[in-house]
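Structural overview
The primary structure of each chain is shown beneath.
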Amino acid sequence: MALQRQFNFFEKVEVKDPEDPSKPPEIFKSIESNVATSGRGHMVVADRSGLVHIIDKGLQGESFLAYDSGRVTHVKQLRQRNILVTVGEDDNTGQVIKLWDLDKPDRNRPGPTLERSIRVNQAGNAFPVSALAVLENLSQIAVGLANGTVVLISGDLMRERTTAQKIVHQNDEPITGLGFREQQRGALLFIATTAKVILYNTATKTSQTLDDDQGGSLGCSVMNESTQELAIARDEAIFFYGPDGRGPAYALDGPKTFISFYKSYLVLVSPPNIPAAASRSFGISSATVSANDTTKLTVIDTANKFTAYQATFTQGIRSVICEWGSIYIVENGGKVYRLDEMDTSLKLDILFKKNMYLLAINLAHNQKYDNASISEIIKKYGDHLYNKGDYDGAMAQYVRTIGRLEPSYVIRKFLDAQRIYNLTSYLQELHSSGLANADHTTLLLNCYTKLKDVKRLDEFIKTDSDLTFDLETAIQVCRQAGYYEHAVYLAEKFDEHDLYLTVQIDDVKQYDRALAYMRRLGPIEADKNLQKYGKVLLTHLPEQTTQLLIDLCSGTLVRGEAVRPVHGATIPVVNHIGQAPPPASSMRGAGGAASPPVILSGAASPNISSHAALSTKNRSSHQLDPAKYAPPSPRTFMSLFVDLPSYLITFLEKVSENRWSPPSPSQSSQPTASSSGTSLKHTAGSPGKPGSIGGKKAGGIVDFNDKASTSGASRSGTMTEQDMEERKAVWNTLLELYLAGPPKAPSTQGNKSSTMQVAEMNRKMKEKNIMREKCLKLLNDTEIPYDTNHALVLCHMAEFNEGIVFLYERMKMYTDILRLWIERDDTNKVIECLRKYGPLEPSLYPLTLSYFSSSPGRLTSATPELLKVLDHIDQQDLLPPLRVVQALSQTSVATIGMIKNYIGRRIEAERKERLEDQKLIQNYRAESEKKRREIEELKTSARLFQATKCSSCGGSLDLPAVHFLCKHSYHQRCLSDAADRECPKCMVDQRTVADIRRMQEANAEKHELFLSELEDADDGFEVIAKYFGNNTMAFARLVDSSS
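Residues numbered from 1 in each chain as written. Predicted model: local features only at pLDDT ≥ 70, side-chain atom pairs only at ≥ 80, totals over all residues. Heavy atoms only, no water.

1. Some details on unusual backbone geometry
For clarity, the threshold we go by: Runs of H or I in DSSP of at least four residues are treated as helices and runs of E of at least two as strands, each being numbered from the N terminus.
For the bond from Leu-959 to Pro-960, the omega torsion is -10 degrees, close enough to zero to count as cis. Within the secondary structure, Pro-960 is located in the loop between α30 (900–940) and β29 (961–963). The backbone of Lys-263 shows a phi angle near 55 degrees, a positive value even though the residue is not glycine. In this fold, Lys-263 is placed in the loop between β22 (258–262) and β23 (265–270). Despite not being glycine, Trp-324 shows a phi value in the positive range, around 60 degrees. Looking at where Trp-324 falls in the secondary structure, it is placed in the loop between β26 (317–323) and β27 (326–331).

2. Overview of the packing of helix α9 (residues 454–462) against helix α11 (residues 484–493)
Heads up, the condition is: Fitted lines through C-alpha atoms give the axes, limited to the stretch in contact for helices. The angle between two N-to-C directions lies from 0 to 180 degrees. When an angle is under 35 degrees it counts as roughly parallel; over 145 it counts as roughly antiparallel; between 65 and 115 it counts as roughly perpendicular; any other value is oblique. Throughout, a contact is declared for two residues whenever any of their heavy atoms are within 4.5 Å. Gly is put with the polar residues, along with every residue not named as nonpolar or charged; the nonpolar set is Ala, Val, Leu, Ile, Met, Phe, Trp, Tyr, Cys and Pro, and the charged set is Asp, Glu, Lys and Arg.
The interhelical angle for the contact between α9 and α11, taken along N-to-C directions, is 10 degrees, at an axis separation of 11 Å. By the criterion of interaxial angle, the relationship of α9 to α11 is roughly parallel. Counting all contacts with α9, which are made through Val-454, Leu-457, Asp-458, Ile-461 and Lys-462, the residues of α11 involved are Glu-485, His-486, Tyr-489, Leu-490 and Lys-493. Considering only residue class, the contact of α9 with α11 consists of 5 nonpolar, 1 polar and 4 charged.

3. Quick word on the packing of aromatic side chains
Filter applied, for reference: When the centres of two rings from Phe, Tyr and Trp lie within 6.5 Å, Trp using its six-membered ring, the rings pair. Their planes under 30 degrees apart give stacked, over 60 give edge-to-face, and anything left gives tilted. Throughout this description, buried means an accessible area under 20% of the type-specific maximum (1.4 Å probe, protein chains only), exposed means over 50%, and partly exposed covers the range between. Look at NZ for Lys and CZ for Arg. If either is within 6 Å of the ring centre and within 35 degrees of the ring normal, a charge sits over the ring.
Here the structure, examined in full by the defined rule, presents 23 aromatic pairs. Judged by centre distance (6.3 Å) and plane angle (15 degrees), the rings of Tyr-262 and Tyr-265 are stacked. One exposure class covers both Tyr-262 and Tyr-265, and it is buried. In this structure an aromatic cluster arises from ring pairing among Tyr-386, Tyr-391, Tyr-398, Tyr-409 and Phe-414. Its guanidinium or amino end placed over the ring of Tyr-337, Lys-12 lies 4.5 Å from that ring's centre, counting from NZ or CZ. The cationic tip of Arg-419 hangs over the ring face of Tyr-391; the distance from NZ or CZ to the ring centre is 4.7 Å.

4. Section: the UniProt feature "coiled-coil region" (unreviewed entry) in the protein
This is how it is decided: UniProt positions are given in the numbering used here, feature names are shortened, and annotations may be inferred rather than shown by experiment.
In the numbering used here, UniProt assigns the feature "coiled-coil region" (unreviewed entry) to residues 907–941. The span residues 907–941 shows a helical share of 97% and a strand share of 0%, and its end C-alpha atoms are spaced 51 Å apart.

5. Description of the nonpolar core
The line we're drawing: Remark: nonpolar core denotes a set of buried residues (Ala, Val, Leu, Ile, Met, Phe, Trp, Tyr, Cys) joined through side-chain atoms within 4.5 Å.
Counting residues in each nonpolar core, the largest one holds 160 residues, and the members touching the most others are Phe-10, Leu-297, Ile-327 and Phe-651. With 7 residues, helix α20 (residues 721–740) is the largest single contributor of residues to this core. Apart from the residues within four sequence positions on either side, Ile-327 is in contact with Phe-10, Tyr-262, Val-267, Val-299, Val-320, Ile-321, Cys-322, Tyr-337, Arg-338 and Leu-339. In this structure, Val-87, Leu-99, Val-143 and Val-151 belong to the second largest nonpolar core, which totals 19 residues.

The structure is reproduced here in structure tokens:
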């Protein structure tokens, strides 16, 4: 490539002698330099007399003799170690390589220590060394000779005594350049001759020709340390060679005599007037160069491909040395010039003045400028293009500044309607970088809508897999512009469930799709959104919405399940406010395919990753597995059914059935109401036993306080307290709905026909009966923990007698049942109630008697029943005669003749009982008097023992003998040690009496036992009499109530 651009990025400064600023440095005037090198903070110059001069930054030199009888032809300063490699002639015996350690002064002679001297093996032929290459680790040195031979010296050259020398190349063409390229295994050796370029692999010992057309002149080849490439300067151009062959070239016409690298710059020396016979630029004696020889020096920036500096030197150039951050040029006359590189900011200013912004950007990159500085340059380039009217080019540059340049700077420039297309591109890139805010999103979408560019709108919204814009703002703008399809797409793709449902319900009015979407979301999102949109959905789709609520609250809502719409039914999508939907082409995405509709299949999940229809594989991966979640409370959604009581009943019934249904059909059967409505299929017990009406708790009247019936244990397992509260609220609400009756139909104009009125009345009556039957079934279910008091109030308000009776019965409020039928003046129900509950509640009998005698007509019709009641009271001894008389005497309706037989029987029975009691009393008194006399006799008189036989063994009684006051006598040998003080025959009875006495003493302190027996007994007086008769009260201690 041609180097057409030329700049002056170096400043030329003449170097003066530090001691005499009016003169050039004395050290360079006194040295007739032959070769030079630099590195590690110093310059090294060798002359023809064999001396090597080391020059520091202060231009002070130190010299030592390297070769006694010959000149120094090559010098090389290593970068990693302070080792100097020299090549020169020694005693005319050939070429000798010497390694000098510059850090170790020689103790015997001036200069550094000579670490190693290696004689180049030329097989008996002495040819001058034309090229030298040294590896930094000193494991290999390559020497090129003028006869076309390359000798490779290998080994640890600093430590090993012997080295291996091998000729790796031999040809008739002189060697003009050598260079090593280091590798992990071995090294590559570039060999340049006058006719070709060769690459030799020191590891595999193979060679290949990189360029067989031409080579390079002496001194015109050098290795680029940064790229590890060989650069060769020819008359027409500079060529670069790598392991793969020739690389790029820089066209620069003219002869060249020297090439070197300084940083990324390539330094060329091309003296046009030097004779062609001169073999080296630095081997030319001052005598052969006239004062009119003009040499040109060129500095090329290989990275940015331009000429950074060019100047001529009239006295010719003796040496070019790069050190201390500058380029030093030594003229043949002894003058020294220093080329100082300009600061990068100055370079950029020059480029800015010439409007070379691309070059400035590349230069900033090469100088490792930060992104902010580079963006500032790119901004200037964009401004330049904008002022020229190249808006597309300017926008391309502004896009490169995204993230560094304030977007408002660019937006203000392109707000004009004629440049809105460029602004759209910028905003789109801003979103792709994730740096856009809500205002940028709004502006971009407005640009799309103003341009009517639905295709690019689809590309922006539908082809971006990652969210690079403010989602809520995008949806809002699409809604305002009437692009509802895009708003729905965005909301569904990025799981903005609220926004999706808002668009579908408020804008598009697609309630069925909204319901299907809720079902796919799963229970958590469905719960939240049904609370928000349930009222609207129930208004338009009551059946589908009710079913979704049932599934949700029953715990059976399946994630991914959806109800498919009726086949063939379509719902139009309104895309623009007040306009018809756009044609199909305008609704297509970037790829030209029609945008798919909202997915209604069961394959979707809450994390929707694509708006495209799911494949069969995706559908099969979302099987309808039962949901695992805690269902929400049905109470949350009851308020949604304010105007839909029938759907509320369905909702609560299905929820309770699904959540608390029996596990087997046998347990699901519920009792039904009897025809009379008095009891709910209860079995009447025997009237002779208290509490026997209805049998035991399992088959008849349920104890309301029994924990088994209200413990909260559901049919499927134990329920928590919260679940019990939920269940209780559901059933209480159902009771209220059942008893509320069917809603009143709105009044219509005109009078209906009698037939229609009858039909309407029959329908309402039928619905009412169905509700009453459901209510009875609910009340009769012992598993349902409804609020009994609440249910009782509801039944009273609805005048539902059957329910009232059942609840009173469950609460053991038998008196209230009787009073209910008395208030209703239903004699049959009163009699039936008395028969059923009278044994359990004796107080019912006085009420019944008072009811029968409350009026003459009622007494006349109920006289047989009254006599039966009196007989039953008499047989069971339920009431004392005085209470019967008091009950009937509250009015003047009943006569004494009606109860004459009852009173006579009671008087005769009491007389007989009194006679029996008197007889028992006389017997008890006689027996007690006999016991007292016997005790007195034992206390005051001597007991005479006349027994002749042992009461134990039956043998003749002999001494020693033991006699007891009970008149039993024993041999002393027949008594055990325990019976020394008690008669063995009387001991059992005595101990029994003692145990009874101790038990009576213990029971005297057990007040709870006494009260329990008193409460459970049919006759409490009998219990008290038993305690007094057993003398238990004698052991009781008085309890001070004040304590």
